[in-house]
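Each chain, letter by letter, is given below.
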Amino acid sequence: MQRRSLLAAAAGAVALGALPQTPAVAAARRPGRLITRFNVISDIQGDLGDLGVALEDLHQINPGSSGLAVAGDITPRGYDFEYAAVKAECARHTMPGTVAWAIGNHEFYVPKYSSPSQLAQATWPNGTTEDSLFRSFYNFAGRNTVYTEQSFGGIPVLSLGTERYMHYHDHSLWDQVWMSDAQFAWLEDRLRHWTALRKPVMVITHHPLPHTVSGSSNSLYLNDYLQADRLLSILGRYRDVFLFCGHTHWDLALPDWYARRVVPGTANPDGFSVINTSAISTGYKDNGAGGEVPVPGTFNQGLQIEVRRNQVLIQARDFARRTWMKQITVPLHTPI
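Residues numbered from 1 in each chain as written. Predicted model: local features only at pLDDT ≥ 70, side-chain atom pairs only at ≥ 80, totals over all residues. Heavy atoms only, no water.

1. What about empty space enclosed by the protein?
Leftover empty space is mapped by rolling, across the atoms, a probe with the size of a water molecule. Under the defined criterion, the tally for this structure stands at one cavity of 30 Å³ or more. Here the largest cavity is characterised by a volume of approximately 80 Å³. Around the largest cavity, the lining comprises 15 residues; the ones closest to its centre are Ile103, Gly161, Thr162, Val177 and His207. Residues that form the lining of the largest cavity fall into these classes: six nonpolar, eight polar and one charged. (1 Å grid on protein atoms, 1.4 Å probe; cavity = no way out; pocket = protein on both sides within 12 Å on 5 of 7 lines; lining within 4 Å. Points joined across faces, edges and corners; volume = space filled by probe spheres on them. Nonpolar A, V, L, I, M, F, W, Y, C, P; charged D, E, K, R; others polar.)

The structure is reproduced here in structure tokens:
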């Protein structure tokens, strides 16, 4: 299958320092007025120590942050006490006023256990109902839907997610993402709305879409979405959409951490931006044999996003080492 990801230079995204300093280029690269600055992390999965390190570092590098997006796998299994532990760790640190929580597959792992200390997959779902898993997430996130819209300093942030844990509905499936007609219609409506108002849109989802960023062409992650083509056909119409996804834990040091995804038939030859959020917990990379292998040593990564009038700066951060890893500047098709 042909990979449709177009990396930065090929699709209009400008790696800093990559272009000659002609007057026209210099004018195009002027950053313009700062609109907002926020951060994105993913895949905490019970690693509260590394979460604390990340939150402390985020406050140091971005004390005026307009928001924090968490792209799923908030907990290791989805127990209420695990959500409470995340909330308690967050309370020990200075947090932005707005946090966008997306649901991940680990939020549905309670049914694999007969008790918190006893794995019992043979007797799945061990008395746990699908509804109770969603209620635990809703109680934690403070809302009653998987999908929602929030604002980070005036920039719309849309959180997406599965509305079914598929093993309850088809025993041949497990963590695949299923989205309702209502969620698709809502997404289409919000993208049209904000595009008409000349705003870029930040979309947060846990699973990567196929053939986009690191890991998403690996057989482990190619079939995460049951309706991938439908989701791509919506996102692919908009040049100023930025999709942030986790799940793979793949290292931000990899070259395909950022991509442009072009969707045939959408009349948008430039595609939309897709960004790997990496992970707070264990990192991974390709093992060269169709699988993956853990990244050795301490691993704790995430992103900082700076939206300006005519461009978006995306920076990869190593929280453990308190260092910037890399960055890319994406010009906006429609300046704010």
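2. Topic: the sheet that holds strand 3 (residues 68-71)
Strand order in the open sheet formed by six strands is 4-3-2-15-16-17, and the pairing between neighbours is mixed. Both outer strands of the open sheet, strand 4 (99-102) and strand 17 (323-331), are each paired with one neighbouring strand and no more. The average undirected angle you get between the axes of adjacent strands in this sheet is 20°. With four bridges joining them, strand 3 and strand 4 adopt parallel strand pairing. The partner of alanine 71 across the bridge, within strand 4, is alanine 102. Along the sheet face, helix 2 (residues 48-61) touches strand 2 (34-41), strand 3, strand 15 (301-308), strand 16 (311-318) and strand 17 and points at about 170° away from the line of strand 2. (Pairing = 2+ DSSP bridges. Helix = DSSP H or I, 4+ residues; strand = E, 2+ residues; numbered from the N terminus. Axes fitted to C-alpha atoms, helices over the stretch in contact; angles between N-to-C directions. Contact = heavy atoms within 4.5 Å.)

3. A closer look at the pattern of salt bridges
Per the stated rule, a full pass over the model turns up 13 salt bridges. The salt bridge involving arginine 239 is made with aspartate 270; its shortest N-O contact spans 2.9 Å. Taken together, the residues arginine 239 in the loop between helix 6 (228-235) and strand 10 (241-245) and aspartate 270 in the loop between strand 11 (258-261) and strand 12 (272-276) connect sequence positions 31 residues apart. A relative accessible area of 24% means that arginine 239 is categorised as partly exposed. Taking the relative accessible area as the measure of exposure, aspartate 270 reaches 32% and is therefore partly exposed. Ionic contacts of the salt-bridge type, sharing partners, join the residues Arg37, Glu306 and Arg308 into one network. (Salt bridge = Lys/Arg side-chain N within 4 Å of Asp/Glu carboxyl O. Buried < 20%, exposed > 50% of the residue type's maximum accessible area, 1.4 Å probe, protein only.)

4. Some details on the packing of aromatic side chains
Counted by the stated rule, this structure contains 12 aromatic pairs. A centroid spacing of 5.9 Å and a plane angle of 80° characterise the contact between tryptophan 124 and tryptophan 174, whose relative ring orientation is edge-to-face. Separated by 50 residues along the polypeptide, tryptophan 124 in the loop between strand 6 (118-119) and helix 4 (130-141) and tryptophan 174 in the loop between strand 8 (155-159) and helix 5 (181-196) bring together distant segments of the chain. Here a set of aromatic residues connected by ring pairs shows up, and it is made of Phe108, Trp124, Phe134, Phe137, Tyr138, Tyr165, Tyr168 and Trp174. Directly above the aromatic system of tyrosine 113 lies the positively charged group of arginine 77, at a separation of 4.8 Å from the ring centroid. Cation over ring: lysine 112 sits above tyrosine 109, and NZ or CZ is 3.8 Å from the ring centre. (Phe/Tyr/Trp six-rings, centres within 6.5 Å; stacked < 30°, edge-to-face > 60°. Lys NZ or Arg CZ within 6 Å of the ring centre and 35° of its normal.)

5. Considerations on the packing of helix 2 against helix 3 (residues 80-91)
The interhelical angle for the contact between helix 2 and helix 3, taken along N-to-C directions, is 30°, at an axis separation of 10 Å. The angle between the axes of helix 2 and helix 3 places the two elements in the roughly parallel class. Helix-helix and strand crossings are classified by hand; for helix 2 and helix 3 the assignment is right-handed. Residue-level inspection shows Leu48, Leu51, Gly52 and Leu55 of helix 2 in contact with helix 3, the latter providing Ala85, Val86, Glu89 and Cys90. (Parallel < 35°, antiparallel > 145°, perpendicular 65-115°, else oblique. Left-handed = near helix turned anticlockwise from the far one by under 90°.)

6. Things to note about the side chain of threonine 75
Mapped onto the elements of the fold, threonine 75 is located in the loop between strand 3 and helix 3. Here glycine 78 takes part through its backbone nitrogen, which lies 2.9 Å from a polar atom of the side chain of threonine 75. Residues within four places of threonine 75 in sequence aside, it is in contact with Gln45, Gly46, Glu82, Tyr83, His106 and Glu107. (Polar contact = N/O pair within 3.5 Å; in protein donor to acceptor, adjacent residues only side chain to side chain.)

7. Looking at the pairing of strand 2
Within a regular strand, the side chains alternate between the two sheet faces. Taken together, the six bridges between strand 2 and strand 15 define a ladder with antiparallel strand orientation. Pairing of phenylalanine 38 across the sheet is with isoleucine 305, part of strand 15. Pairing analysis gives three bridges linking strand 2 to strand 3, with the strands arranged parallel. When the bridges of strand 3 are listed, isoleucine 41 appears paired with valine 70.

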